[in-house]
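Take a look at the letters that make up each chain.
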There are 2 protein chains.
Amino acid sequence: MVPPRASGGDKRRMILDAAVVAFARRGFHACRVSDIADEANVAYGLVYHYFRSKDEILDTLFLDRWNVLLAFIAQTAAERTPPRDKLHAIAAAIIDFYRYDPALMKVIIVEVMRSANTFGLRHTDKIAEAYVLIGEIVASGQATGSFKREVSPRFAALAFYGAIEQVLTGWIFGMLPEGDEEFDRAKSAIVETICGGLDDMSYRAASVRSV
Amino acid sequence: MVPPRASGGDKRRMILDAAVVAFARRGFHACRVSDIADEANVAYGLVYHYFRSKDEILDTLFLDRWNVLLAFIAQTAAERTPPRDKLHAIAAAIIDFYRYDPALMKVIIVEVMRSANTFGLRHTDKIAEAYVLIGEIVASGQATGSFKREVSPRFAALAFYGAIEQVLTGWIFGMLPEGDEEFDRAKSAIVETICGGLDDMSYRAASVRSV
DNA sequence: CCCGCAGTTGACTGACCAGTCAATCCGGGA
DNA sequence: TCCCGGATTGACTGGTCAGTCAACTGCGGG
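Note that the structure is a prediction, hence the values are computed from the model and not measured. All residue numbers refer to position in the chain's written sequence, counted from 1. Chains and ligands are labelled sequentially in the order written, the chains with letters from A and the ligands with numbers from 1. It should be noted that, the model being predicted, local features are given only for residues of pLDDT at least 70 and side-chain atom pairs only at 80 or more, the latter also being counted only at that level, while totals for whole chains, interfaces and linings use all residues. The basis for every side-chain value is the complete set of heavy atoms in the structure, and neither hydrogens nor water enter the calculation.

Quick word on the overall build of chain A
Piece 1. Helices and strands together make up the secondary structure of chain A, namely ten helices and zero strands.
Piece 2. The N-to-C order of helical and strand elements in chain A reads α-α-α-α-α-α-α-α-α-α.
Piece 3. Three exposure classes are used, based on accessible area relative to the maximum for each residue type with a 1.4 Å probe and protein chains only: buried under 20%, partly exposed in between, and exposed over 50%. Here chain A, with 211 residues, has 52% of them falling under the buried criterion.
Piece 4. In what follows, a contact means two residues having at least one pair of non-hydrogen atoms within 4.5 Å. Long-range pairs, those at least 24 residues apart, make up 69% of the contacts in chain A with a sequence separation of at least 6.
Piece 5. On chain A, roughly 9600 Å² of surface is accessible, and the fraction owed to carbon and sulfur atoms is 55%. Secondary structure follows DSSP: runs of H or I at least 4 residues long count as helices, runs of E at least 2 residues long count as strands, and numbering of each begins at the N terminus. For the accessible areas, the method is Shrake-Rupley and the probe is 1.4 Å, while residue cover comes only from the protein chains on display.

Shown next, in the form of structure tokens:
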């Protein structure tokens, strides 16, 4: 799998790591290939020895990480735990991805997930896979009766993922305080909002009674 | 307010409308200023008579629309209706913005809201205003007891807005079917998910009872 | 009738940058 | 030792555009 010479894969890895830093700092468009090469301490041309284009670097960054995430979601979905726990595990995984490599997650969210006309469309199907898996979790929750049937699994999946992405975006752009405590609180808050809802049931019951 | 000569404001308006079409078609980056001028049937240079730069056109497009939306949210928040109805009204307004001018909403979502490193950051404060207003609705719902207090208003606002944006994104990229019926269903589905939650309370109560 | 100016035109410039390529380096096998 | 081929280098090219500017038009006031 790994080429015999360490330096070969080594430099490739260095370029990839440098690209994360460079893309995260200035954004994909504003970042020049020479920025990546400089950051990696490598000659300009070497970037094109390992990658066909600047785009391919971003694609690689995204796909490597996204496939790991998809595998995790699929595995989680297959387990025999309550659907609410599954959603919590998925929210936790995504948030921890950000916690342990914020620059890479920033690049993936900002430059791929959220950048429609350029890269998003190239990976629409890959992204949709995640929605489908999450939707299946919701559907099976409805089938066993732990989730109600008012909301279609598809919408629920979008709402769930959308909430997570919005919170990540808040961290990425410094609109929300970061920290281990905030990360863990966010996991619970998202799941509590989507699963538990905002409505206070006792209040609701009271007002229904009073009618 | 309107300049005496119709043609002056007229051309400006034509350029703005053409920009919406051009940005929506190819994306802000891929779209050249000449594309806008062509679309508007106007000379290249005239674009620079009315706007300082290509960026300023996008800014104008965004701010004009966003201010209308902010005003609507503020007005809705001030009314004396249940918080759940307020959230429904806001979701409806955003979705109807898309329904009646999909190209403009696409540009705003894709090129401003979702395009961090370039434009998003320039308008972070404007965008945050919406979050704050929505958060206040949630907070007042908690104060009157119709919303429970487990979730912080700030997170609830992010989740609510995130769910809407995700659904809009689904329409924009053709991942979700569009249509009047879908639009109305989405409004209810989003509010039902965020307010009502996915959990089936009767199931929950039953399993608690059985313990 | 002429002047002035806002509105309008489009060719041109200057900068930028992705991607190319010919040259060089260097390790290992014969 | 010599040769081969992958790794590495960075100057250079080609094309793309945002933004400039000098020139033209036509209307309204003097």
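Let's talk about the packing of helix 4 (residues 54–78) of chain A against helix 7 (residues 124–144) of chain A
All names here are of chain A.
Piece 1. Helix axes are fitted to C-alpha atoms over the stretch in contact, other axes to C-alpha atoms as well, and angles between N-to-C directions run from 0 to 180 degrees. At a closest axis distance of 10 Å, the pairing of helix 4 and helix 7 adopts a crossing angle of 15 degrees. It follows that helix 4 is roughly parallel to helix 7 by the angle criterion. In this structure, helix 4 crosses over helix 7, and the sense of that crossing is left-handed. The residues of helix 7 that touch helix 4, namely those facing Phe-62, Leu-63, Trp-66, Asn-67, Leu-70, Ile-73, Ala-74 and Ala-77, are Lys-126, Ile-127, Glu-129, Ala-130, Leu-133 and Ile-137.
Piece 2. Throughout, the ten residues Ala, Val, Leu, Ile, Met, Phe, Trp, Tyr, Cys and Pro are labelled nonpolar, Asp, Glu, Lys and Arg are labelled charged, and all others, Gly among them, are labelled polar. In terms of residue class, the contact of helix 4 with helix 7 is made up of eleven nonpolar, one polar and two charged. For this classification, under 35 degrees means roughly parallel, over 145 means roughly antiparallel, 65 to 115 means roughly perpendicular, and everything else is oblique. Left-handed is the label given to a crossing in which the near helix is rotated counterclockwise from the far helix by less than a right angle, and right-handed is the label when the rotation is clockwise.

A look at the interface of chain B and chain A
Piece 1. In this complex, chain B contributes 54 residues to the contact, which on the side of chain A involves 55 residues.
Piece 2. Put simply, buried area is how much 1.4 Å-probe accessible surface two parts lose in total, over both of them, once they are put together. Buried surface at the junction of chain B and chain A, summed over both partners, amounts to about 4900 Å²; 64% is from carbon and sulfur atoms.
Piece 3. Basic side-chain nitrogens of Lys or Arg form a salt bridge, by our definition, when they fall within 4 Å of a carboxyl oxygen of Asp or Glu. At the junction of chain B and chain A, the tally comes to four salt bridges.
Piece 4. For B:Glu192, the salt bridge identified is with A:Lys148, shortest N-O distance 3.3 Å.
Piece 5. Throughout this description, a polar contact denotes any pair of N or O atoms lying within 3.5 Å of each other; where both atoms belong to protein, one of them has to be capable of donating a hydrogen while the other can accept it, and for residues adjacent in sequence the pair is counted only when both atoms sit in side chains. Our enumeration of links across chain B and chain A arrives at twelve residue pairs in polar contact (both at pLDDT 80 or more).
Piece 6. Elements with a contribution of two residues or more to the side of chain B that touches chain A: helix 1 (6–26), helix 5 (83–100), helix 6 (102–113), helix 7 (124–144), helix 8 (153–172), helix 9 (180–196) and helix 10 (201–210) of chain B.
Piece 7. Looking at the side of chain B that touches chain A, its residues break down into 29 nonpolar, twelve polar and 13 charged.

A look at helix 8 of chain B
Residue and element names in this part refer to chain B.
Piece 1. Given a helix with a known number of residues, its expected span is that number minus one, times 1.5 Å. Compared with the 28 Å implied by 1.5 Å per residue over 20 residues, the 28 Å span of helix 8 between its first and last C-alpha is a close match.
Piece 2. Buried residues dominate helix 8, accounting for 18 of its 20 residues.
Piece 3. Within two residues after helix 8, Gly-174 carries a phi angle of roughly 70 degrees, on the positive side.

Thoughts on the protein's contact with DNA strand D
Piece 1. Any residue with at least one heavy atom within 4 Å of a molecule or strand is counted as near it. The environment of DNA strand D is made up of 17 residues, and the closest members are A:Ala43, A:His49, A:Tyr50, B:Arg32 and B:Tyr44.
Piece 2. For DNA strand D, the backbone makes up 65% of the atoms found within 4 Å of the protein, where backbone means sugar plus phosphate.
Piece 3. At 2.8 Å, a side-chain N or O of A:His49 approaches a phosphate oxygen of DNA strand D.
Piece 4. Between B:Tyr48 and DNA strand D, the recorded distance is 3.1 Å, taken from a side-chain N or O atom to a phosphate oxygen.
Piece 5. Within the residue set of the surface near DNA strand D, elements represented by two or more residues are helix 3 (44–50) of chain A together with helix 3 (44–50) of chain B.
Piece 6. Counted by class, the surface near DNA strand D contains nine nonpolar, three polar and five charged residues.

Section: the confidence of the model for chain A
Residue and element names in this part refer to chain A.
Piece 1. In the predicted model, chain A carries a mean pLDDT of 89, and the fraction of residues at 70 or more is 88%.
Piece 2. Confidence scores differ between elements of chain A, with helix 10 (residues 201–210) showing the lowest mean pLDDT of 54 and helix 5 (residues 83–100) the highest of 97.
Piece 3. pLDDT measures the predictor's confidence residue by residue and takes values from 0 up to 100. Counted against residues more than four places away or in other chains, residues 1–8, with its pLDDT under 50, gives three contacts.

What about the protein's contact with DNA strand C?
Piece 1. For DNA strand C, the set of nearby residues contains 17 residues, the closest of which are A:Arg32, A:Tyr44, B:Lys11, B:Ala43 and B:Tyr50.
Piece 2. Counting only the atoms of DNA strand C that lie within 4 Å of the protein, the sugar and phosphate share comes to 64%.
Piece 3. Between B:Lys11 and DNA strand C, the recorded distance is 2.9 Å, taken from a side-chain N or O atom to a phosphate oxygen.
Piece 4. Within the contact set of DNA strand C, a phosphate oxygen lies 3.1 Å away from a side-chain nitrogen or oxygen of B:His49.
Piece 5. Looking at the surface near DNA strand C, the elements with two or more residues in it are helix 3 of chain A together with helix 3 of chain B.

Digging into the side chain of A:Lys148
Piece 1. The topology assignment puts A:Lys148 in the loop between helix 7 and helix 8 (153–172).
Piece 2. Within the structure, the side chain of A:Lys148 is placed 3.3 Å from the side chain of B:Glu192, a separation counted as a polar contact.
Piece 3. In this structure the side chain of A:Lys148 is engaged in a polar contact, spanning 3.2 Å, whose partner is the backbone oxygen of B:Gly196.

Let's talk about the relation of the copies chain B and chain A
Piece 1. At an RMSD of 0.0 Å, chain B and chain A line up after a rotation of 180 degrees and a shift of 0.0 Å along the axis. What the superposition gives is, in effect, a two-fold axis relating one chain to the other. Within chain B, the C-alpha atom positioned nearest to the axis of rotation is that of B:Gly197, 1.8 Å from it.
Piece 2. When you check the interface residues of chain B against chain A, 100% turn up at the interface there too, and the contact is symmetric in its surfaces. Copy-to-copy superposition: least squares on the C-alpha atoms, limited to residues that have pLDDT of at least 70 in both copies.

As for the packing of aromatic side chains
Piece 1. Under the pairing criterion, centres of Phe, Tyr and Trp rings, with the six-membered ring standing for Trp, must be within 6.5 Å; the plane angle then separates stacked pairs below 30 degrees from edge-to-face pairs above 60, leaving the rest tilted. Summed over the entire model, instances satisfying the criterion amount to 14 aromatic pairs over all chains.
Piece 2. Taken together through their ring pairs, the aromatic side chains of A:Tyr98, A:Trp171 and A:Phe183 make up a single cluster.
Piece 3. Comment: the charge-over-ring label is applied if NZ (Lys) or CZ (Arg) is within 6 Å of the ring centre and within 35 degrees of the ring normal. Lying over the aromatic face of A:Phe97, A:Arg65 brings its terminal NZ or CZ to 4.2 Å of the ring centre.
Piece 4. One cation-aromatic arrangement involves B:Lys54 over B:Phe28; the distance from NZ or CZ to the ring centre is 4.4 Å.

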